[in-house]
Amino acid sequence: MPGFWAILLLYSKEMSAHVLVLNRNLYAVQVATWERALTLLYLGRAGVVDEEYQVHDFHDWVELSKTIARNPAGFIHTPNFKVAIPDVIALRFFDKVLKHEIPFTRRNIYRHYGNRCCYCGKRFLSSELNLEHVVPRSRGGTTDWKNIVTACIPCNLRKGDRLPKEAGMRLMVPISRPKLSHGIILQARLPIRMRRCWQRFVDNVYWDSCIEE
Ligand SMILES: [Zn+2]
């Protein structure tokens, strides 16, 4: 299959176009090169999504391409037909979504709490903060977003191996887990800048709950 497009590539005006890839339910999941996108389309594993959210298979799209005079992403020309490089395609058999979880890493935890100590509320350098189990590990406290906060070293030492209440302390910054919109996650993962024509497929999606892959 790659050979097929390698030949067509000779006829391509636009060599660097990227295509937004949606899953079967039209949720944005990734970005593909135009070669990959057209290969998926040709193999029947994806359809082109138009502005009315209609999905077209390869043959439809070749027909429609005849009626498109100008296409920002360009056309692939073959001896027999031309095909417009689509802006957006949807996978036909894939209905997973992007993971909605922010990885539980030291860096992400610091960033989530804005480098603040959750007990005294002041900001610190990363080197002056510790990760703190609100419910101590010795009491069965877990090491995850539900139980870990950032704390400055004095607050961390003061609290020690106790519950906040036992130490006469309370969280100035409530414990929370990060929530990001689908669009932000997708943008963070995009290898390239968001194209304008993709925006509406990305903006209107927000998940409140975590959806596992
Ligand atoms: Zn503190």
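Residues numbered from 1 in each chain as written. Predicted model: local features only at pLDDT ≥ 70, side-chain atom pairs only at ≥ 80, totals over all residues.

Student: A description of the overall build of the protein should follow, citing residues and the corresponding values.
Tutor: What the protein contains, in helices and strands, is seven helices and nine strands. By the burial criterion, 24% of the 213 residues in the protein qualify as buried. (Helix = DSSP H or I, 4+ residues; strand = E, 2+ residues; numbered from the N terminus. Buried ≥ 20, exposed ≤ 12 C-beta atoms within 10 Å, placed from the backbone.)

Student: Tell me about the environment of Gly-114, and please be specific about residues and values.
Tutor: With respect to the helices and strands, the residue Gly-114 is situated in the loop between helix H4 (106-112) and strand E8 (129-133). Distance from Gly-114 to Thr-150, taken between C-alpha atoms, is 9.3 Å for residues 36 residues apart in sequence.

Student: Quick one: what's the story with unusual backbone geometry, residue by residue and with numbers?
Tutor: For Leu-26, which is not glycine, the phi dihedral falls at a positive 65 degrees. Tracing the backbone shows Leu-26 in the loop between strand E1 (18-22) and strand E2 (28-33). Phi is positive for Tyr-53, close to 65 degrees, though the residue is something other than glycine. If you trace the backbone, Tyr-53 turns up in the loop between strand E3 (46-49) and strand E4 (55-56).

Student: Tell me what's going on with the sheet that holds E3, and back it up with residues and numbers.
Tutor: Ordered by their spatial adjacency, five strands build an open sheet running E2-E1-E7-E3-E4, and the pairing between neighbours is mixed. If you trace the sheet from one side to the other, it starts and ends with E2 and E4, each paired once. Across three bridges, E1 lies against strand E7 (residues 88-91) in parallel orientation. Each residue of the ladder has a partner; that of Leu-22, found in E7, is Ala-90. Contacting E1, E2, E3 and E7, helix H2 (residues 34-42) runs over the sheet at an angle of about 110 degrees to E2. (Pairing = 2+ DSSP bridges. Contact = placed C-beta atoms within 7 Å. Axes fitted to C-alpha atoms, helices over the stretch in contact; angles between N-to-C directions.)

Student: Explain the nonpolar core residue by residue, including any values.
Tutor: Ranked by size, the top nonpolar core spans 27 residues in total, and within it Val-19, Leu-22 and Ile-89 carry the most contacts. Of all the secondary-structure elements, those providing two or more residues to this core are E1, E2, H2, E3, strand E6 (82-84) and E7. Top element by residues in this core is H2. It accounts for five residues. Among all residues touching Ile-89, those that are not within four sequence positions of it are Val-19, Val-21, Ala-37, Leu-40, Leu-41, Ala-46, Gly-47, Val-48 and Val-49. (Core = buried A, V, L, I, M, F, W, Y, C linked by C-beta atoms within 7 Å.)

Student: Account for the confidence of the model for the protein, naming residues and giving values.
Tutor: Predicted coordinates in regions of low pLDDT should not be interpreted in detail. With 77% of its residues at a pLDDT of 70 or more, the protein shows a mean pLDDT of 82. Per-element averaging of pLDDT across the protein places helix H1 (residues 2-9) at the bottom with 54 and strand E9 (residues 148-152) at the top with 97. Below pLDDT 50 for its whole length, residues 10-14 participates in ten contacts with residues either more than four positions away or in separate chains. For residues 204-213, every residue scores under 50 in pLDDT, and the model assigns this stretch 14 contacts once sequence neighbours within four places are set aside. (pLDDT = per-residue confidence, 0-100.)

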